[in-house]
Amino acid sequence: MPLIQVKDLRVGYNVYEGLLKVLDGINFFVERKEKVGIIGESACGKTTAMKAIMRILAKNSVLMGGKILYDGNDILRMNDTQFTEIRRKKFSMIFQDPSAALNPVFTIRQQFYDIIRYSSNQRMTKDMIHERAVELLKQAALPEPERILDSYPFQLSGGMKQRVNIAMALVSANELLIADEPGTALDVTIEDQILRLLKKIVEERRISIILISHALGTIKHFVDRIYVMYAGTIVESGPTEKVFKNPKHPYTQLLIDSVPKLTGEGVPEGIPGIVPSYLNPPHGCRFVTRCPYAMQVCKEKVPPSYEVEQLHYASCFLYDNGENGKDE
Amino acid sequence: MIARVLPGDPARLALGPRAPQQAVDALRAELHLNDPIFVQYWYWLSGVFTGNWGISLFTQRNVLIDVSEFLPATVELILAAAIIDLALAIPLGMLAGRMANTFVDNTVRIISYIGIAIPAFVVAIILQLTLGYGLHIFPIIGRLDQSIQPPPRITGLYVIDGLITGNFSVAANALWHLVLPAFALALGPIAQEARILRSSVVENLNKDYTLAEISHGLPERIITLKYLMKPSLIPMITIYALDISSQIANAFLIELIFNWPGFSRYGLNAMLSKDLNAIVATVMVAGIMFVVANTIVDLVVSYLDPRIRFQAESEE
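As the structure is a prediction and not an experimental result, all values here were calculated from the model. (Residues numbered from 1 in each chain as written. Chains lettered and ligands numbered in written order. Predicted model: local features only at pLDDT ≥ 70, side-chain atom pairs only at ≥ 80, totals over all residues. Heavy atoms only, no water.)

Enquirer: How would you sum up the pattern of salt bridges? Please name residues and give values.
Expert: All names here are of chain A. This model, assessed by the stated rule, comprises 31 salt bridges over all chains. With a closest N to O distance of 3.0 Å, aspartate 192 and arginine 196 form a salt bridge. Taken together, the residues aspartate 192 and arginine 196, both in helix α7 (residues 188-205) and 4 residues apart, mark about one turn of the helix. For arginine 196, a relative accessible area of 58% puts it in the exposed group. (Salt bridge = Lys/Arg side-chain N within 4 Å of Asp/Glu carboxyl O. Helix = DSSP H or I, 4+ residues; strand = E, 2+ residues; numbered from the N terminus. Buried < 20%, exposed > 50% of the residue type's maximum accessible area, 1.4 Å probe, protein only.)

Structure follows, in structure tokens:
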């Protein structure tokens, strides 16, 4: 049984203009000790899916259906006490902007101590808490833990802040770490260091990670399996190597092509068009408005998931060879 | 200085329309009113530091004595209002923000709009009529019951003097008299500050750091009362400073209505009777109180917001 299994998750947001239907029945799973990547352009619902797992969706969000199974239990139906235990002992999330994810008016010490204190069932002495904080800061490769603890967030650099966030996440990430574009707000060399650090930590701790990233080049070497999201749907999934070497969905093909290469072929053109409005998304395939291969059927029906090669799935009618597609 | 260029002769006003011209001229000379304005300013400035603030034309006493008699009553009133203000604005704002767009929030919203819309003197009269005259819960006017002697003067604040000297019944009586005027004075600021606090709470609830705190599994109580409250208080406290400072000027209506022998009312009388030395002293004391109140609040804000504190240190 997978650690996390998301089944037909539908999430919308109530806004002034109406209901934004963002997540349109997505399915994915994460095995224990597995490194899973999610790619896709901005505003395609990646963060919404992650927030749904941590149950920190905004107040105007609407859960329209689906399940998130953790060890077979639906976390969306757990009571707050049960889920708080999971937040304290099993799952953690690292946010995109390290500056925004730390409370600006408390020292790292104040914040870190509370996180450690409340994640433990036993009463911990101040010395025990301190020892644990120092140990975790060292695991996050931060030198001078004492100085870091006495600092306010604004006194640290972006890279240091993200390491602090990672250290804090490690308090409770005993089974799953969710990293939502952990390097996007940092410069490229720091981003690379942060991703290496995350890889080292999840392998040492033998935990699962869901990594969201725009850096296709980096994610390629990081994760075992990858999901490609477009406009609130998962369009393709499979082992990382297969998806990158042999992308099947037209969106994945265009996405990989739009990464600039160093071989001097000029600047890639990107994908023409924009993500459709979530207020009134297309009835069939959500990529139909931008797809160079769009057919009549794409406008009418939502494409099922076809197994294009072993363990490699694409939701596209191009791979409809008469048999019925397989729903994951 | 502006007081000097107002039309009307202060000496004539002091002596009344039927006084002979010689008497007026003599008073003008005695008050140095015929000297150039800079000379007059020098007389005044040197007097301020030696304790001679000039004679009030209205009370015929050194203005310093008047100020020391009337100021404590206003200070006591404003302090009481400031305490009621904080004690109500913070819980109301936090509650409304935490429960945004619920029944609780809407109730606080309606109370706030009423508080902002109704002037303090109307609130004062309504309170007098209902809780004072109607239900006899609170006294209507004055600082103490007529039958009670004021406590020995130490600070001039009856409640504090009563506590220091052990006259607890006097302190309690003085406190009882403070409730209505202080609440009437505080209601407007409470309403305004609760709204400001509510909007910072709503804003900070959607910040990544709050989501991170939730996803770390911190208890809701700790998140609300510690991690959410401290950053949310900063904008409110700044407005609070301005509100409290301007109370010095706003208090005169309340002092009139509650027959409170205070400094704001004294200043108003001084202006109406063109009592030059008293006007100047009123302006000066009000200015000093304004500066003191703002300094205290600046210190509080820099305690709440380390970014301000460290910025100041690094500039030194």
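Enquirer: Tell me about the interface of chain B and chain A, and name the residues and values.
Expert: Contact residues are listed per partner, giving 25 residues for chain B and 28 residues for chain A. Buried area between chain B and chain A, summed over both chains or domains, comes out near 2400 Å², and the portion from carbon and sulfur atoms is 63%. Contact with chain A buries surface across chain B, with Ser215(B), His216(B) and Tyr227(B) losing the most and accounting together for 25% of the total. Our count for the chain B to chain A interface comes out at 1 salt bridge. Among the ionic pairs, Lys226(B) bridges to Asp114(A), the shortest N-O distance being 2.7 Å. (Contact = heavy atoms within 4.5 Å. Buried area = accessible area lost by both parts, 1.4 Å probe.)

Enquirer: Which residues make up the side chain of Asn62(B), and what values go with them?
Expert: Counting through the fold element by element, Asn62(B) comes out in the loop between α4 (37-50) and α5 (63-98). The contact partners of Asn62(B), leaving out residues within four places of it in the chain, are Gly51(B), Asn52(B), Trp53(B), Gly54(B) and Ile55(B).

Enquirer: Could you give an account of helix α6 (residues 158-170) of chain A, with specific residues and numbers?
Expert: Residues and elements named next belong to chain A. With 13 residues, α6 extends 18 Å between its outermost C-alpha atoms, agreeing within 8% with the 18 Å of an ideal straight helix rising 1.5 Å per residue. Along α6, 11 of the 13 residues are buried, which leaves the element largely enclosed by surrounding structure. Within α6 the residues assigned to the buried category are Gly159, Lys161, Gln162, Arg163, Val164, Asn165, Ile166, Ala167, Met168, Ala169 and Leu170. Looking at the packing, one finds that the buried side of α6 touches β6 (91-94), α3 (108-119), α4 (126-139), α5 (145-150), β7 (176-180) and α7. (Expected span 1.5 Å × (residues − 1).)

Enquirer: Any details on unusual backbone geometry? Residues and values, ideally.
Expert: Residue and element names in this part refer to chain A. The backbone of alanine 43 sits at a positive phi, close to 60°, despite the residue not being glycine. Among the structural elements, alanine 43 can be located in the loop between β3 (35-39) and α1 (46-54). A positive phi is found at leucine 311, a non-glycine position, where the angle reads about 65°. Summarising the element assignment, leucine 311 is placed in the loop between β11 (306-309) and β12 (312-314). Assessed through its relative accessible area of 52%, leucine 311 is described here as exposed.

Enquirer: Would you mind going over the domain arrangement of chain B in detail, with residue names and values included?
Expert: Annotation of chain B at the domain level lists domain 1 (2-50) and domain 2 (71-263). Relative to domain 2 of chain B, the C-alpha centre of domain 1 of chain B lies at a distance of 42 Å. (Domains from an automatic or database assignment.)

Enquirer: So, the packing of aromatic side chains: which residues are in play, and what are the values?
Expert: Any two aromatic rings considered together are summarised by their centre-to-centre distance and by the angle between their planes. All names here are of chain A. Overall, the coordinates contain 10 aromatic pairs over all chains when judged by the stated rule. Considering the side-chain rings of tyrosine 152 and phenylalanine 154, the 6.0 Å spacing of their centres and the 20° angle between planes classify their relative orientation as stacked. Taking relative accessible area as the criterion, tyrosine 152 reaches 9% and is therefore assigned buried. Among the residues examined, phenylalanine 154 registers a relative accessible area of 34% and is labelled partly exposed. The rings of Tyr230, Tyr251 and Phe287 are connected pair by pair, giving a single aromatic cluster. (Phe/Tyr/Trp six-rings, centres within 6.5 Å; stacked < 30°, edge-to-face > 60°.)

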